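Overview (structure and organization)
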Amino acid sequence: MRFVTDTHAHTLVSGHAYSTMNEMLMAAAEHGMQLLALTEHAPAMPGTCHPIYFENFKVVPRNRYGIELLLGTELNILNPDGEVDLPEETLGKLDLVIASLHGPCYGLDHTKEENTQAYLNVMQNPYIHIIGHPDDGRFPVDYDKVVYMAKETGTLLEVNNASLHPGGFRKDTKKNAAEMLQYCKRYQTPIVVGSDAHVDTEAGRFPYVEELLTEIDFPEELVVSTSVELLKEHIACKRRAFGFTL
Ligand SMILES: [Zn+2]
Ligand SMILES: [Zn+2]
């Protein structure tokens, strides 16, 4: 299985990441990517950019160093109602939108039912394409329900390389990702892979994801990151499913 897209990465403007847009693009191209999405943390994350950052992406060329660039965001899910931290007017202009649970924005004291409800509600949002790192044991969820709803709504579930890093700070990620992937096999729910790189050396690299997918013999046809066309089809499909023409 060969991955050609990396749909989750951060640059300097996220406030706790350390490379520029050009450095990230060059590194991703070097690591064999055909497409890189830069998904800066949305405004509720301490230290990230102002909302206006997400309003001027039209000035940025989308092809450099032989690689396609998508510009989007990683939203913060703020509560179990599934509220997020950028308005729909902004989200509608972005190439790609991830939504994730992060301690500083959502808190670490919610129940499994509340976390599950947060994801189920977020997946009803037609502007959100991907659930980021749904593997973090600090936010326990019912994977049966989440994976089923992902299939129903055309939302992609991410297998996150940074989560699976042995020195990573998220909890029980390998066990949780493996459980999620078993349900993905059962419901035929597609996944994406994301490096979640916060520095250029990690862009477009997925060693821990590769290891896990091989271990559990995950079917290649459910991995949309193996083809730019397949990824774009899934991005377009989400909005169509909710009656949008774009
Ligand atoms: Zn981050
Ligand atoms: Zn994240």
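Here we summarise the structure given alongside this text.

Moving on: the packing of helix α4 (residues 112–123) against helix α5 (residues 143–153). The N-to-C vectors of α4 and α5 enclose an angle of 5°; their axes lie 10 Å apart at closest approach. Comparing their axes, α5 and α4 come out roughly parallel. Residues T116, Y119, L120 and M123 of α4 pack against K145, V146, M149, A150 and T153 of α5. When grouped by side-chain class, the residues that make up the contact of α4 with α5 number 6 nonpolar, 2 polar and 1 charged.

Further remarks concern the environment of H102. With respect to the helices and strands, the residue H102 is situated in the loop between β5 (96–100) and α3 (103–106). C-alpha separation for the pair H102 and V192, spaced 90 residues apart in sequence, amounts to 19 Å. Among all residues touching H102, those that are not within four sequence positions of it are M45 and N76.

Quick look at the environment of D200 now. Here D200 is to be found in the loop between β8 (191–194) and α8 (207–215). C-alpha of D200 to C-alpha of A27: the two residues are 173 residues apart in sequence and 5.8 Å apart in space. Dropping the residues within four chain positions of it, D200 is found in contact with S19, E23, M24 and A27.

Every buried residue of helix α1 (residues 21–30) is listed here: M24, L25, A27 and A28. Of the surrounding elements, those touching the buried residues of α1 are β1 (5–6), β2 (35–41), β3 (63–64) and β4 (67–76). Immediately downstream of α1, the backbone of G32 shows phi near 90°, a positive value.

Of all 5 residues that make up strand β7 (residues 156–160), 5 are buried, and the element is covered over most of its length. Side chains L156, E158 and N160 of β7 all project onto a buried face; the interleaved residues L157 and V159 project onto the opposite face, where all are buried too. Judged from the 2 bridges that link them, strand β6 (residues 130–131) and β7 form a sheet pairing that is parallel. Each residue of the ladder has a partner; that of I130, found in β7, is L156. Across 4 bridges, the pairing between β7 and β8 is parallel. Residue pairing across strands places N160 opposite G194, the latter belonging to β8.

What counts as what
Residues numbered from 1 in each chain as written. Chains lettered and ligands numbered in written order. Predicted model: local features only at pLDDT ≥ 70, side-chain atom pairs only at ≥ 80, totals over all residues. Axes fitted to C-alpha atoms, helices over the stretch in contact; angles between N-to-C directions. Helix = DSSP H or I, 4+ residues; strand = E, 2+ residues; numbered from the N terminus. Parallel < 35°, antiparallel > 145°, perpendicular 65-115°, else oblique. Contact = placed C-beta atoms within 7 Å. Nonpolar A, V, L, I, M, F, W, Y, C, P; charged D, E, K, R; others polar. Buried ≥ 20, exposed ≤ 12 C-beta atoms within 10 Å, placed from the backbone. Pairing = 2+ DSSP bridges.

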